[in-house]
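What follows is each chain in one-letter form.
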Amino acid sequence: MYFDGYDDIAFSVPDDGMGVYRMFEIYLYHPQNKCFEKLKEPDFSRSGCSCLCDVTVEKDKKLLITGCRGGARWHQDVYRLGKNGTLE
């Protein structure tokens, strides 16, 4: 996720509703201290989704893309990793 060449870890579970999408928790590897740290989630108040859902990564553009369903609509959020380690 930092696009630094190190493998990170992600865990997912079905959403709490009908299992339409998967909710993710992502842990980033930090080679300096050789441990994983949970990725700080973005401010979801400006997002279409209220979690990191159906996550895909576009390595070449350094983007994290999420998608979820709300009612009859699908929503998609696109994030970049900010300088302070948060998703923007």
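Structure's up top.
Engineer: I'm lost on the sheet that holds strand 4 (residues 56–58) in this one. Help?
Structural biologist: Sheets are built from strands paired through backbone hydrogen bonds, the pairs being either parallel or antiparallel. One open sheet accounts for three strands, arranged 4-5-6; its pairing is antiparallel. Each having just a single partner strand, strand 4 and strand 6 (73–79) make up the two edges of the open sheet. Strand after strand, the sheet turns through a mean of 25° between neighbouring axes, direction not considered. Alignment of strand 4 against strand 5 (residues 63–70), held across three bridges, turns out to be antiparallel. The residue of strand 5 that forms the bridge with E58 is L63.

Engineer: In this structure, what is going on with unusual backbone geometry? I would like to understand it.
Structural biologist: Outside of glycine, negative phi angles account for most residues, and trans bonds account for most peptide bonds. In this structure, K34 takes a positive phi of about 55° despite not being glycine. With respect to the secondary-structure elements, K34 resides in the loop between strand 2 (22–30) and strand 3 (35–38). With a phi angle near 55°, K62 is a residue other than glycine that sits in the positive phi range. Turning to its location among the elements, K62 is positioned in the loop between strand 4 and strand 5.

Engineer: For this particular structure, what's the right way to read the state of the cysteines?
Structural biologist: Here, disulfide denotes a covalent bond that connects the sulfur atoms of two cysteines. Taken as a whole and assessed by the stated rule, the structure comprises two disulfides. Two residues share a disulfide in this structure: C49 and C68, whose sulfurs sit 2.2 Å from each other. Handedness here is read from the sign of the S-S torsion; for C49 and C68, about -105°, the answer is left-handed. Separated by 19 residues along the polypeptide, C49 in the loop between strand 3 and strand 4 and C68 in strand 5 bring together distant segments of the chain. Judged by relative accessible area, which is 4%, C68 ranks as buried. One disulfide bridge connects C51 with C53, the sulfur atoms lying 2.0 Å from each other. On the sign convention where negative is left-handed, the bridge of C51 and C53, at about 90° about the S-S bond, is right-handed. As far as the burial class goes, C51 and C53 line up, both buried. For the chain, numbering the cysteines in disulfides from first to last along the sequence yields the connectivity 1-4, 2-3.

Engineer: Got a minute to help me understand the pairing of strand 3 in this structure?
Structural biologist: Along a regular strand, successive side chains alternate from one face of the sheet to the other. As defined by bridge partners, strand 2 adjoins strand 3 across four bridges and the pair is classed as antiparallel. Residue pairing in the sheet places H30 in a bridge with C35 of strand 3. Connecting the antiparallel pair strand 2 and strand 3 is a turn made up of four residues, with K34 showing a positive phi of about 55°.

Parameters and conventions
- For every chain, the first residue of the written sequence is number 1, and numbering continues from 1 onward in sequence order.
- At least 70 in pLDDT is required for a residue's local features to be given in this predicted model, at least 80 for side-chain atom pairs to be given and counted, and no such filter applies to totals for whole chains, interfaces and linings, which use all residues.
- The side-chain values count all of the structure's non-hydrogen atoms but skip hydrogen atoms and water molecules.
- In short, DSSP must find at least two bridges between two strands for them to pair.
- By definition, any uninterrupted DSSP run of H or I lasting at least four residues is a helix, any uninterrupted run of E lasting at least two residues is a strand, and each is numbered from the N terminus.
- Axes, fitted as lines to C-alpha atoms, cover a helix only where it is in contact. Angles between the N-to-C directions of the axes lie from 0 to 180 degrees.
- Sulfur atoms of two cysteines make up a disulfide when they are within 2.5 Å.
- Relative accessible area decides the class of each residue, using a 1.4 Å probe on protein chains only: under 20% of the type maximum gives buried, over 50% gives exposed, and in between gives partly exposed.

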